[in-house]
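This is what each chain is made of:
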Amino acid sequence: MLMVYILIATGAIALIFLTLWLRERKNAQMEYIAYGLRSGDDHTESTKTNITMIESGFREAMSKLEDIGEVKRDKEGQWVWTKSGKPVGDILNHGKK
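Definitions and cut-offs
- Residues numbered from 1 in each chain as written.
- Predicted model: local features only at pLDDT ≥ 70, side-chain atom pairs only at ≥ 80, totals over all residues.
- Heavy atoms only, no water.
- pLDDT = per-residue confidence, 0-100.
- Helix = DSSP H or I, 4+ residues; strand = E, 2+ residues; numbered from the N terminus.
- Patch = residues over 30% accessible without salt bridge, like charges linked within 9 Å, V, L, I, M, F, W, Y side chains within 5 Å.
- Areas by Shrake-Rupley, 256 points an atom, 1.4 Å probe, with all protein chains shown as cover.
- Salt bridge = Lys/Arg side-chain N within 4 Å of Asp/Glu carboxyl O.
- Buried < 20%, exposed > 50% of the residue type's maximum accessible area, 1.4 Å probe, protein only.
- Polar contact = N/O pair within 3.5 Å; in protein donor to acceptor, adjacent residues only side chain to side chain.

## Focus on the confidence of the model for the protein
Turning to step 1, where the next piece is worked out: In this model, the protein carries a mean pLDDT of 79, and residues with pLDDT of at least 70 account for 73%.
Turning to step 2, where the next piece is worked out: Across the protein, element-level confidence peaks in strand 1 (residues 71-73) with a mean pLDDT of 89 and bottoms out in helix 3 (residues 90-94) with 63.

Written out as structure tokens, the structure reads:
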């Protein structure tokens, strides 16, 4: 019976470390993008690649939000929140209201 408890504890510890490792990998990718954006002119190609990755992530996020009905495009083609009608990113541009 002790062996079963040891296996369960080992599995739980392995699951915790796997979760932490995956979270760190996600943070590392974000740091890589931020580093590329901060680098000088000699890393122009890397910065372009990182901006492309950010744009791709944004398009994917907006597509998912559109699929669940949280955002839509207005007459001008700008993204707006369906519930409030405010432009997406409005809080970022004008501060919290």
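## Remarks on a nonpolar patch on the surface
Turning to step 1, where the next piece is worked out: A surface patch of nonpolar side chains, about 920 Å² in accessible area, is lined by Met-1, Leu-2, Met-3, Val-4, Tyr-5, Ile-6, Leu-7 and Ile-8.
Turning to step 2, where the next piece is worked out: Topologically, Tyr-5 is positioned in helix 1 (residues 2-38).
Turning to step 3, where the next piece is worked out: The class for Tyr-5 is exposed, based on a relative accessible area of 51%.

## With respect to the environment of Ser-84
Turning to step 1, where the next piece is worked out: Summarising the element assignment, Ser-84 is placed in the loop between strand 2 (79-81) and helix 3.
Turning to step 2, where the next piece is worked out: Residues Ser-84 and Glu-70, spaced 14 residues apart in sequence, show a C-alpha to C-alpha distance of 9.8 Å.
Turning to step 3, where the next piece is worked out: A distance of 3.2 Å separates a polar atom in the side chain of Ser-84 from the backbone nitrogen of Lys-86.

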